Amino acid sequence: MNTSGIIRTLAATAWFASLASCQSPPERGVLTSPESQLKLRSIQTRAYDTTNRQTVMRGVISTLQDLEFMIEAADAALGTVSARKFLLVRGMAVASDMTMTVTVRPRGEKQMLVRLNAEFNRKAVEDPEVYQSFFVALGKSLFLSGHEVD
Amino acid sequence: MLLRLAALAALLVLAYGCATKPVPAQFMEVSPQSAPNREVQTRRFGDASESELLAASVGVVQDLGFRVMASDAQLGVVTGVKQRPSEEVLIDIFPLALSAGLTFGLHPPEANLGPHDSFRVVLAMRNVGGQPRVHDVRITFYRTWLVQGVHGPEQRMRGAMAITSPVLYQKFFGMLSATLARARSGN
């Protein structure tokens, strides 16, 4: 193989390698196995030691606002809050978006259970860091720390 | 030589694309502007019940030409939308195109979406320290970009950016205080 052939092969290899690195992140797709569903539910949920559902819901709204999400709907009776955030990046013509649905419901007589479902560009987010960041911020807003649940 | 340059250029373009693509964790980062924005968007009212404040806020939002989309009195939340007149949107196209041309692509990223065609507003209240007549009112105005739905008349959002101009928020809270005072005096 001459020099030009080697360069061509290297360029093609680099091209394919960079294409592979551009592939969608691992959170793409919907989970199907019960084990992973359970795992996801666990990272999406925290229990807080309070009986005041409204205070928790207001804390959720405030946290989402601090994280620069736009509140789209809130329903005290159902215990749900939906919010959305767009991220515009230089050089990209399409905005990426993340939607959040948070539900708050009583757990026993002394706790409130908060569950967050996040979608990134209409795909479920499985990255625990996303949920962890939200619950840390919510804990600060409520002056309470969330407990992991099984 | 040309082949080498082309391969290098392609790699750089691809690498740039990959590096700038947002990932979910980025959405949870609190920007340095978050605290100053919250300050501008929030006002504490020391002598008003939540229902008084909510009614006055809805009145101001309507005075500003917004259509109330959703509200929940128990949570103290109101959201609204306002369409921009199409002639205003058209007027914005030229300066945006000029800015994109003059800055050689270094224009703000939102300019890629074109002129915004609507506004949104989100208002939320929170009681302070358990005192029944002390509340923080937080309002955020957004520029939004809509697109017509494929399967029906409904529009869906394709972009939104919070408006950070302090003047806008000062004006809103001024109007809210005036509306509260009017409501108390029975006008």
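Bear in mind the structure is a predicted one, so any value in this text is a computation, not a measurement.

Chemist: I tried to follow the overall build of chain A on my own but got confused; where do I start?
Modeler: The helix and strand inventory of chain A stands at 4 helices and 7 strands. Within chain A, buried positions represent 31% of all 150 residues. Counted over contacts in chain A with a minimum sequence separation of 6, partners at least 24 positions apart contribute 53%.

Chemist: In this structure, what is going on with the nonpolar core? I would like to understand it.
Modeler: Where a protein is soluble and globular, its nonpolar side chains tend to be buried together. Core analysis: the largest hydrophobic core is formed by 62 residues, its most contacted members being Val-60, Ile-61, Leu-64, Ile-71, Val-81 and Val-114 of chain A together with Leu-123 of chain B. Among the elements that make up this core, the one with the highest residue count is helix α4 (residues 128-142) of chain A (6 residues). Ignoring anything within four residues of it in the chain, the contact list for Ile-61 of chain A reads Ile-71, Ala-74 and Val-81 of chain A together with Leu-75, Val-77 and Ala-124 of chain B.

Chemist: I keep staring at helix α5 (residues 166-184) of chain B and nothing clicks. Help me out?
Modeler: Since the α-helix packs 3.6 residues into each turn, any two residues three or four apart lie on the same face. All names here are of chain B. Under the 1.5 Å per step criterion, the end-to-end length of α5 is 27 Å for 19 residues, consistent within 8% with the ideal 27 Å. Taken together, the buried positions of α5 are occupied by Tyr-169, Phe-172, Leu-176, Thr-179 and Leu-180. Along α5, the residues classed as buried sweep out an arc of 100° about the axis, all on the same side. The outward face of α5, more than 90 degrees from its buried face, is lined by the exposed residues Pro-166, Val-167, Gln-170, Gly-174, Ala-178, Ala-181 and Arg-182. Following α5 by one or two positions, Gly-186 has its phi on the positive side, about 85°.

Chemist: Mind showing me how you'd approach the environment of Leu-90 of chain B here?
Modeler: Residue and element names in this part refer to chain B. The residue Leu-90 is located in helix α4 (residues 86-102) in this model. By the C-beta count within 10 Å, which is 10 here, Leu-90 ends up exposed. Each C-alpha atom of the pair Leu-90 and Gly-114 lies 9.9 Å from the other, and the pair is 24 residues apart in sequence.

Chemist: So what exactly am I meant to see when it comes to helix α2 (residues 34-41) of chain B here?
Modeler: All names here are of chain B. Within α2, the full set of buried residues consists of Asn-37, Val-40 and Gln-41. Around the axis of α2, the buried residues are gathered within 95° of arc, so they sit on the same side. The exposed residues of α2 that point more than 90 degrees off its buried face are Ala-35, Pro-36 and Glu-39.

Chemist: How should I be thinking about the packing of helix α3 (residues 53-66) of chain A against α4 of chain A in this particular structure?
Modeler: In a packed pair of helices, the relevant descriptors are the angle between the two axes and the axis-to-axis distance. Residues and elements named next belong to chain A. With their axes 9 Å apart at the nearest point, α3 and α4 run at an angle of 120° to one another. On the basis of their axis angle, the class for α3 and α4 is oblique. In this structure, the crossing between α3 and α4 has a hand that is right-handed. On α4, the residues touching Val-56, Gly-59, Val-60, Ser-62, Thr-63 and Asp-66 of α3 are Phe-134, Ala-137, Leu-138, Ser-141 and Leu-142. The class makeup of the residues in the contact of α3 with α4 is 6 nonpolar, 4 polar and 1 charged.

Chemist: Got a minute to help me understand the confidence of the model for chain B in this structure?
Modeler: Keep in mind that low pLDDT regions are not for reading the predicted coordinates in detail. All names here are of chain B. Model confidence for chain B is summarised by a mean pLDDT of 83, while 76% of its residues fall at 70 or above. At the level of individual helices and strands, chain B shows its lowest average pLDDT in helix α1 (residues 2-20), which scores 56, and its highest in strand β1 (residues 42-45), which scores 96. In this model, residues 15-19 is a region of pLDDT below 50 whose contacts with residues beyond four sequence positions or in other chains number 5 contacts. Interface scoring of the predicted complex returns ipTM 0.78; its pTM is 0.77.

Calculation criteria
- Residues numbered from 1 in each chain as written.
- Chains lettered and ligands numbered in written order.
- Predicted model: local features only at pLDDT ≥ 70, side-chain atom pairs only at ≥ 80, totals over all residues.
- Helix = DSSP H or I, 4+ residues; strand = E, 2+ residues; numbered from the N terminus.
- Buried ≥ 20, exposed ≤ 12 C-beta atoms within 10 Å, placed from the backbone.
- Contact = placed C-beta atoms within 7 Å.
- Core = buried A, V, L, I, M, F, W, Y, C linked by C-beta atoms within 7 Å.
- Expected span 1.5 Å × (residues − 1).
- Arc of directions from axis to C-beta.
- Axes fitted to C-alpha atoms, helices over the stretch in contact; angles between N-to-C directions.
- Parallel < 35°, antiparallel > 145°, perpendicular 65-115°, else oblique.
- Left-handed = near helix turned anticlockwise from the far one by under 90°.
- Nonpolar A, V, L, I, M, F, W, Y, C, P; charged D, E, K, R; others polar.
- pLDDT = per-residue confidence, 0-100.

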